[in-house]
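These are the residues of each chain, in order.
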Amino acid sequence: MPELSTAPNLGSLYLKAAATGPTRRGGELPDTEYVRRGITIDPVHLAEYNRVCGFGLRDELPITYPHILSFPASVQLMTDKGFPFPLVGLVHVANRIQQDRPLLVTDELTQKVRVADLRPHPKGKQFDVVTETSVDDEVVWRETSTYLRVGKRDENAPQQRRREIEPGAASGTWRVPADIGREYAAVSGDRNPIHLHPLTAKVFGFPKAIAHGMWSKARCLAALEGRIPGAFTVDVDFAKPLLLPSKADFTMRPTGSGWDFALHSRSGKPHLTGSITS
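What counts and how
Each residue is numbered by its place in its chain's sequence as written, counting from 1. Local features in this predicted model are restricted to residues of pLDDT 70 or higher, and side-chain atom pairs are both shown and tallied only at a pLDDT of 80 or more, whereas totals for entire chains, interfaces and linings draw on every residue. The basis for every side-chain value is the complete set of heavy atoms in the structure, and neither hydrogens nor water enter the calculation. The pairing test for Phe, Tyr and Trp rings, Trp by its six-membered ring, is centres within 6.5 Å, and the orientation test on the planes gives stacked under 30 degrees, edge-to-face over 60, and tilted for anything in between. Remark: exposure states derive from per-residue accessible area (1.4 Å probe, protein chains only) relative to the maximum for the residue type, with buried under 20%, exposed over 50%, and partly exposed in between. The secondary structure listing takes helices from DSSP runs of H or I that are at least 4 residues long and strands from runs of E that are at least 2 residues long, numbered from the N terminus. Put simply, a salt bridge is a Lys or Arg side-chain nitrogen that is within 4 Å of an Asp or Glu carboxyl oxygen. What we call a nonpolar core is a set of buried Ala, Val, Leu, Ile, Met, Phe, Trp, Tyr and Cys residues that are connected through their side-chain atoms within 4.5 Å. Contacts were defined at the residue level, with two residues in contact if any of their heavy atoms lie within 4.5 Å. Any two strands are treated as partners once DSSP identifies two or more bridges connecting them. Helix span is expected to be 1.5 Å times the residue number reduced by one. Values of bend correspond, residue by residue, to the angle between axes fitted over the seven residues ending at that residue and the seven starting there.

Enquirer: Honestly, the packing of aromatic side chains in this entry has me stumped. Any pointers?
Expert: The geometry of an aromatic ring pair comes down to the distance between the two centres and the angle between the two planes. By the definition in use, this model includes eight aromatic pairs. Relative to phenylalanine 55, the ring of tyrosine 49 lies with its centre 6.3 Å away and its plane at 15°, an arrangement referred to as stacked. Of the two residues, tyrosine 49 and phenylalanine 55, neither departs from the other in class, the shared state being buried. Taking the centre distance of 4.8 Å and the plane angle of 15° together, the rings of tryptophan 174 and phenylalanine 250 count as stacked. Here the residue tryptophan 174 occupies a position in strand 7 (residues 172-176), and phenylalanine 250 occupies one in strand 9 (residues 246-254), the gap between them amounting to 76 residues. Taken individually, tryptophan 174 and phenylalanine 250 each receive the classification buried, so the pair is uniform in this respect.

Enquirer: How do you make sense of the pattern of salt bridges when you look at a structure like this?
Expert: Oppositely charged side chains are able to pair whenever their charged atoms sit close together. Applying the stated rule across the entire model yields twelve salt bridges. Linking arginine 58 and glutamate 225 is a salt bridge whose minimum nitrogen-to-oxygen distance equals 3.6 Å. Of this pair, arginine 58 sits in the loop between helix 2 (43-53) and helix 3 (65-79) while glutamate 225 sits in the loop between helix 6 (213-223) and strand 8 (232-238), placing them 167 residues apart in sequence. Take arginine 58: its relative accessible area is 42%, and that puts it in the partly exposed class. Across the salt bridge formed by arginine 119 and aspartate 128, the nearest N and O atoms sit 3.2 Å from each other. Using a relative accessible area of 22% as the deciding quantity, one classes arginine 119 as partly exposed. The exposure class of aspartate 128 is buried, given its relative accessible area of 10%. Bridged by salt links that share partners, the residues Glu48, Arg51 and Glu183 form one connected network.

Enquirer: Would you mind going over the nonpolar core with me for this structure?
Expert: For soluble globular proteins, the rule of thumb is that nonpolar side chains tend to be buried together. Counting 44 residues, the largest nonpolar core has Tyr49, Tyr184, Trp215, Val234 and Phe261 as the members making the most contacts within it. The element that contributes the greatest number of residues to this core is helix 6, accounting for six residues. When sequence neighbours within four positions are dropped, the list of residues in contact with tryptophan 215 reads Val52, Cys53, Val176, Ile180, Tyr184 and Leu242. Leu10, Phe71, Phe85 and Tyr147 belong to the second-largest nonpolar core, a separate cluster that totals 20 residues.

Enquirer: Honestly, the pairing of strand 6 (residues 138-150) in this entry has me stumped. Any pointers?
Expert: Regular strands show a simple pattern: their side chains alternate between the two faces of the sheet. Two elements, strand 3 (residues 91-99) and strand 6, share eight bridges in a ladder whose sense is antiparallel. Across the sheet, residue asparagine 95 finds its bridge partner in strand 6, namely serine 145. In this sheet, strand 6 lies alongside strand 5 (residues 124-135) in antiparallel orientation, the contact comprising twelve bridges. By the bridge assignment for strand 6, lysine 125 is matched with arginine 149.

Enquirer: Honestly, helix 3 in this entry has me stumped. Any pointers?
Expert: Note on helix geometry: an α-helix contains 3.6 residues per turn, so any two residues three or four positions apart are oriented the same way. For helix 3, which comprises 15 residues, the first-to-last C-alpha distance of 23 Å matches the rise-based estimate of 21 Å (1.5 Å per residue) to within 8%. Along helix 3, the sharpest kink reaches roughly 40°, centred on phenylalanine 71 and followed within four residues by the proline proline 72. Counting buried positions along helix 3 gives 15 out of 15 residues, so the element sits mostly inside the fold.

Here you go:
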């Protein structure tokens, strides 16, 4: 279990990904697990994250905040020798976070990150990036981010059943600005070119820059702030990319055990669908 004394440098890792991507031809996932101990929270950085995503200033961390703390280790894994797919071109299709109790700005964290469960997908192959966050040797936060590598179609792969939440009456309509991809990139370190500028997004087949999926998830949870208990699980499926700039309709509905929520285009197509259970 290799230990990281500091967060890996994302700029260097993106350069490495660009250089080595064409050499990656598929295969099995590596069994490496990175661990980083003694992670402390920078209150200034946290405040900027909260501003970009819409959270209020509190002593508790937003449930999505540990994702950006572990993101450099995830990229390290996906650029290591032996990882079977190019980093550029992977599609983030789903994210699940379970929190057993709120994490505090004063907590010192340990994070472990690994990749797991390579499996067929109707459009190629998918796998999970699994992260555990501990306080005093107790795991209190778990995340599974599912990525798709588009490739040869597999007609025998299980069909993906995306969560369906009809648009209905919107709880609010959001104006998503053109620069939100750059703002979130600055605070998260995720500088994938598809999020930064229309010209760089077009290189990868998008007509405009698109919002980060994890920004969309965080923004939805910020809209539910004050209605969510300290311990809960939030599942999200990412669907149609959210082009920048745009308007999007946010919907939230109480269920017996929590909330369903969604973000739809003005034409009714889903960008994101999710559920919260406690």
